Amino acid sequence: MRRIPFFLPMKNCPDRCIYCDQRTITGHEYQPGPGEVKRALQEASEPVETCFFGGSFTCQPLDRQEEYLEAAAQAPACSRIRISTHPLCVDPGILDFLSRFPVRFLELGISSLDDKVLEMCNRGYTGSAAVERISLAAGSTRLVPGVQLMTGLPGQDLSSSLEDLRVLAEIKGDRAMQLRIYPCLVLRGTQLEELFLSGSYTPPGIDESARWAGRMIREALRSGFELLRVGLQETASLGEGVVAGPHHPALGELARSYALALSLVDLAGSGPWPVPFSSRSLLSGHGDWGFRELASLSGMAVDEVKHLVKWTR
Ligand code: SF4
């Protein structure tokens, strides 16, 4: 189903997270009002997924949310709505309110469940508060919940991220849950930039970030999460606003390459490895990055692992 996104950057966020500047990330300074949403959707000729991204949709006053959701209800029959919001603005009353509209996906921007990381990032809540809100969303029979996690945050490491995934997998159980992974970038004008410039924060490099996210992908897929995205969408505004951090247009692909290499080594430590031909670029792209990681993980030479990969249709 075609997605029609509307960006409401940092709309009604309860706090300002130290790394965030969504206007730079999305390149959208302007926030469309309900009237513009309605007009855009009236032009759709088939069902669409209307997405409200950025900010904290359900932190808005209920009458404002209602205006946006009623505008979204102007889309053709069988359309659906996706909302991204702040975990603290999810409660039984909000879920009940959303059930009056065709809201199918509710994504919570939780970043981390680690109290130390949350505090250092000024997220304004604890891990257990986030767990409570995700559990509420996961308990709804009408919604598919989603979580947005970050990597490379101050005070965070790979084991913290993997523990987050373990907790989320427990909440998920056999149900559906969607996942986005965003490696943290240092953006101009943020508090994180000050920490970076003062030497108090050093972001992981591109390779380390790709491996970190790749390890998470591997675990997430094993636990049955639906992976929606890894890495931010590249925009001109993002390119201009990044001061430091793992900024790479194909970071998500590098992470998926690493996840594939991990899965192959798990399958057979020293090969041979059947790999669908359609995944070829994951190993050979970006200067054989996936092959090189496979070689490193299996303790073999790159040429050797290339011979041990058997392409399948
Ligand atoms: S990270 Fe999310 S909650 Fe924090 S300021 Fe940005 S949009 Fe708001």
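These figures come from a predicted structure and were not determined experimentally.

A. Local environment of the domain arrangement of the protein. Here the protein is described as being made up of domain 1 (2-247) and domain 2 (250-313). In this structure, domain 1 and domain 2 have C-alpha centres spaced 30 Å apart. Here domain 1 meets domain 2 over a buried area of about 1,200 Å², counting both sides, of which 65% is carbon and sulfur. In terms of surface lost to domain 2, no three residues of domain 1 exceed Ala-210, Arg-211 and Arg-218, which account for 40% of the buried area on that side. One can count three salt bridges joining domain 1 with domain 2. The interface formed by domain 1 and domain 2 includes four residue pairs in polar contact (both at pLDDT 80 or more). Residue assignment for the side of domain 1 that touches domain 2 shows that the elements contributing at least two residues are helix H9 (206-222) and strand E8 (226-230).

B. Region of interest: the state of the cysteines. One pass over the full model with this rule turns up one disulfide. One disulfide bridge connects Cys-59 with Cys-89, the sulfur atoms lying 2.0 Å from each other. On the S-S bond that ties Cys-59 to Cys-89, the torsion sits near 100°, and the link is right-handed. Taken together, the residues Cys-59 in the loop between strand E2 (48-53) and helix H3 (62-72) and Cys-89 in the loop between strand E3 (80-85) and helix H4 (92-98) connect sequence positions 30 residues apart. Taken individually, Cys-59 and Cys-89 each receive the classification buried, so the pair is uniform in this respect.

C. Layout of helix H7 (residues 158-172). Taking 1.5 Å per residue as the helical rise, H7 with its 15 residues ought to reach 21 Å, and the 21 Å between its terminal C-alpha atoms agrees with that figure. Along H7, the positions that sit buried rather than exposed are Ser-160, Ser-161, Asp-164, Leu-165, Leu-168, Ala-169, Ile-171 and Lys-172. At its buried positions, H7 is contacted by strand E4 (103-111), helix H5 (115-120), helix H6 (127-139), strand E5 (144-151), strand E6 (178-183) and H9. One or two residues past the end of H7 sits Gly-173, with phi positive at roughly 55°.

D. View of the environment of Arg-166. On the secondary structure map, Arg-166 appears in helix H7. For the pair Arg-166 and Ala-220, spaced 54 residues apart in the sequence, the C-alpha separation amounts to 8.7 Å.

E. Geometry of the sheet that holds strand E1 (residues 2-7). Spatially, E1-E2-E3-E4-E5-E6-E8 is the arrangement adopted by the seven strands of the open sheet, whose pairing is parallel. The strands lining the two open edges of the sheet, one partner per strand, are E1 and E8. Neighbour to neighbour, the strand axes of the sheet diverge by 20° on average, direction disregarded. In terms of strand pairing, E3 meets E4 through five bridges, oriented parallel. Paired with Arg-82 across the bridge in E4 is Phe-105.

F. Layout of the packing of H7 against H9. At a minimum axis separation of 10 Å, H7 and H9 run at an interaxial angle of 20°. In terms of axis orientation, H7 runs roughly parallel to H9. Handedness of the H7/H9 crossing: right-handed. Residues Leu-158, Ser-161, Leu-162 and Leu-165 of H7 form the contact with H9, whose own contacting residues are Trp-212, Arg-215, Met-216, Glu-219 and Ala-220. Residues belonging to the contact of H7 with H9 are distributed by class as follows: six nonpolar, one polar and two charged.

G. Main features of the site of the ligand. In the vicinity of the ligand, the contacting residues are Cys-13, Asp-15, Cys-17, Tyr-19, Cys-20, Gln-22, Gly-55, His-86 and Arg-123. Within the shell around the ligand, the residues separate by chemical class into four nonpolar, three polar and two charged.

H. Region of interest: the packing of helix H11 (residues 251-267) against helix H12 (residues 280-298). It is at 9 Å that the axes of H11 and H12 come closest, and there the two elements cross at 40°. With respect to their mutual orientation, H11 and H12 come out oblique. Both H11 and H12 take part in a crossing whose hand is right-handed. On H12, the residues touching Glu-253, Leu-254, Arg-256, Ser-257, Tyr-258, Leu-260, Ala-261, Leu-262, Leu-264 and Val-265 of H11 are Ser-281, Leu-282, Leu-283, His-286, Trp-289, Gly-290, Glu-293, Leu-294, Leu-297 and Ser-298.

I. Up close: the pairing of strand E10 (residues 273-276). Side chains of E10 alternate between two faces, with Trp-273 and Val-275 buried and Pro-274 and Pro-276 left unburied. Pairing between E10 and strand E11 (residues 309-312): four bridges, direction parallel. Paired with Trp-273 across the two strands is Val-309, which belongs to E11.

What counts as what
- Residues numbered from 1 in each chain as written.
- Predicted model: local features only at pLDDT ≥ 70, side-chain atom pairs only at ≥ 80, totals over all residues.
- Heavy atoms only, no water.
- Domains from an automatic or database assignment.
- Buried area = accessible area lost by both parts, 1.4 Å probe.
- Salt bridge = Lys/Arg side-chain N within 4 Å of Asp/Glu carboxyl O.
- Polar contact = N/O pair within 3.5 Å; in protein donor to acceptor, adjacent residues only side chain to side chain.
- Helix = DSSP H or I, 4+ residues; strand = E, 2+ residues; numbered from the N terminus.
- Disulfide = S-S within 2.5 Å.
- Buried < 20%, exposed > 50% of the residue type's maximum accessible area, 1.4 Å probe, protein only.
- Expected span 1.5 Å × (residues − 1).
- Contact = heavy atoms within 4.5 Å.
- Pairing = 2+ DSSP bridges.
- Axes fitted to C-alpha atoms, helices over the stretch in contact; angles between N-to-C directions.
- Parallel < 35°, antiparallel > 145°, perpendicular 65-115°, else oblique.
- Left-handed = near helix turned anticlockwise from the far one by under 90°.
- Nonpolar A, V, L, I, M, F, W, Y, C, P; charged D, E, K, R; others polar.
- Near = heavy atom within 4 Å.

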